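Chain and residue survey
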Amino acid sequence: TYDSVFTTIGSSYEECRAECVGLHLCLEPGVTEIFGHSGQQAEDIKYANWVSMVLAGVKGLEMFSPTSQEWKQAHSQARFVIMQIMLEAGEDFLTIKELVGEDGKPDLLITMDREKVLTVGQPAIAAFLLKLQVYKSTGDIAAAKEMFDKYSEVSEPWASRRQVVVDRKQPRPILVQSNTILEEEKLKLMDYDPSPEGMVKSWAERFPDPTLDTILTKLAAKDRLLWA
């Protein structure tokens, strides 16, 4: 099976293949229209899709362990590999430069030539995707691992840039669900602060009936034996 042959690289390899399919197909005529996007809006979505993949590849460096020289997350490794493919395409399609941010600290600047997504970016991803698919279909783990390890390697300048990524890491956002209420027969949207307090308030106002707590407590007690 695929898992028994590709073993340790199986998850990240498959994630990489899936991401490449998305990048490649989003540029095909008629695809964005399926989701209701056309014209300039569709072009903006395509470009944003490609740039966001590069950003994910850069930010994914935080999931690489310099100590063990291993990737700790399949998605992050896959996106880093894809970023390397885009950089390798050349022709100034994609550049990533080191600079000093407005706060005076080291930062990275991602620049993608929008006009070259179709002429340089897509052919590079298509050629790489073809290799990914052929190696998977033929079970050629030797060729697949050699290629994948090459692009997964975090050597200079990326080994140094990883620290910039780690230092720039932002706190994970808290997604707090809004509520709706009726005021004078008009629907009003209630938003809350993206904080632990806001989340508690959102839940409390969504379920104001105190008997729900009693019901949930009883259900939890009933199910406790199943999780022992």
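Scroll up a little and you will see the structure.
Residues numbered from 1 in each chain as written. Predicted model: local features only at pLDDT ≥ 70, side-chain atom pairs only at ≥ 80, totals over all residues. Heavy atoms only, no water.

Overview of the nonpolar core
Note on soluble globular proteins: their nonpolar side chains tend to be buried together. Tyr13, Cys16, Trp50, Met86 and Phe128 are the most contacted members of the largest nonpolar core, which totals 43 residues. Where this core is concerned, the elements lending two or more residues are helix 2 (10-25), helix 4 (39-59), helix 5 (74-88), strand 3 (94-100), strand 4 (106-112), helix 6 (117-138), helix 7 (141-152) and helix 8 (158-167). Counting residues per element, this core draws most heavily on helix 6, at eight residues. Here Cys16 is in contact with Ala78, Val81, Ile82, Phe128, Leu132 and Phe148, once residues within four sequence places are set aside. (Core = buried A, V, L, I, M, F, W, Y, C linked by side-chain atoms within 4.5 Å. Buried < 20%, exposed > 50% of the residue type's maximum accessible area, 1.4 Å probe, protein only. Helix = DSSP H or I, 4+ residues; strand = E, 2+ residues; numbered from the N terminus. Contact = heavy atoms within 4.5 Å.)

A word on helix 2
Between its terminal C-alpha atoms helix 2 stretches 23 Å, which fits the 22 Å expected from 16 residues at 1.5 Å a residue. Elements in contact with the buried residues of helix 2: helix 1 (2-6), helix 4, helix 5, helix 6 and helix 7. (Expected span 1.5 Å × (residues − 1).)

Here's the deal with the packing of aromatic side chains
What the rule picks out here adds up to nine aromatic pairs. Pairing Tyr13 with Phe148 gives two aromatic rings, centres 5.5 Å apart and planes at 55°, and the pair type is tilted. Within this pair, whereas Tyr13 is found in helix 2, its partner Phe148 is found in helix 7, the two being separated by 135 residues in sequence. For Tyr13, a relative accessible area of 0% corresponds to the buried category. (Phe/Tyr/Trp six-rings, centres within 6.5 Å; stacked < 30°, edge-to-face > 60°.)

Thoughts on unusual backbone geometry
The peptide bond linking Glu156 to Pro157 adopts the cis configuration, its omega dihedral lying at 5°. Considering the arrangement of structural elements, one finds Pro157 in the loop between helix 7 and helix 8. One non-glycine residue, Thr7, lies in the positive phi region at around 35°. Assignment of secondary structure puts Thr7 in the loop between helix 1 and helix 2. Overall, Thr7 belongs to the partly exposed group, its relative accessible area being 49%.

Here we look at the packing of helix 5 against helix 7
Contact pair helix 5 / helix 7: the axes reach a minimum separation of 8 Å and the direction vectors enclose 85°. Between helix 5 and helix 7, the angle is such that the two are roughly perpendicular. Across from Gln77, Phe80, Val81, Gln84, Ile85 and Glu88 in helix 5, the residues of helix 7 making contact are Phe148, Lys150, Tyr151 and Ser152. (Axes fitted to C-alpha atoms, helices over the stretch in contact; angles between N-to-C directions. Parallel < 35°, antiparallel > 145°, perpendicular 65-115°, else oblique.)

Observations concerning the pattern of salt bridges
Considering all chains together, one arrives at 14 salt bridges under this definition. Between Asp44 and Arg114 there is a salt bridge, and its shortest N-O distance comes to 2.4 Å. In this pair, Asp44 sits in helix 4 while Arg114 sits in the loop between strand 4 and helix 6, placing the two residues 70 residues apart along the sequence. Overall, Asp44 belongs to the partly exposed group, its relative accessible area being 36%. Of the charged contacts, one joins Asp107 and Arg168 as a salt bridge, the two residues approaching to 3.8 Å between their closest N and O atoms. Pair noted here: Asp107 is in strand 4 and Arg168 is in the loop between helix 8 and strand 5 (179-183), with a separation of 61 residues, a long-range link. Ionic contacts of the salt-bridge type, sharing partners, join the residues Glu14, Arg17 and Lys136 into one network. (Salt bridge = Lys/Arg side-chain N within 4 Å of Asp/Glu carboxyl O.)

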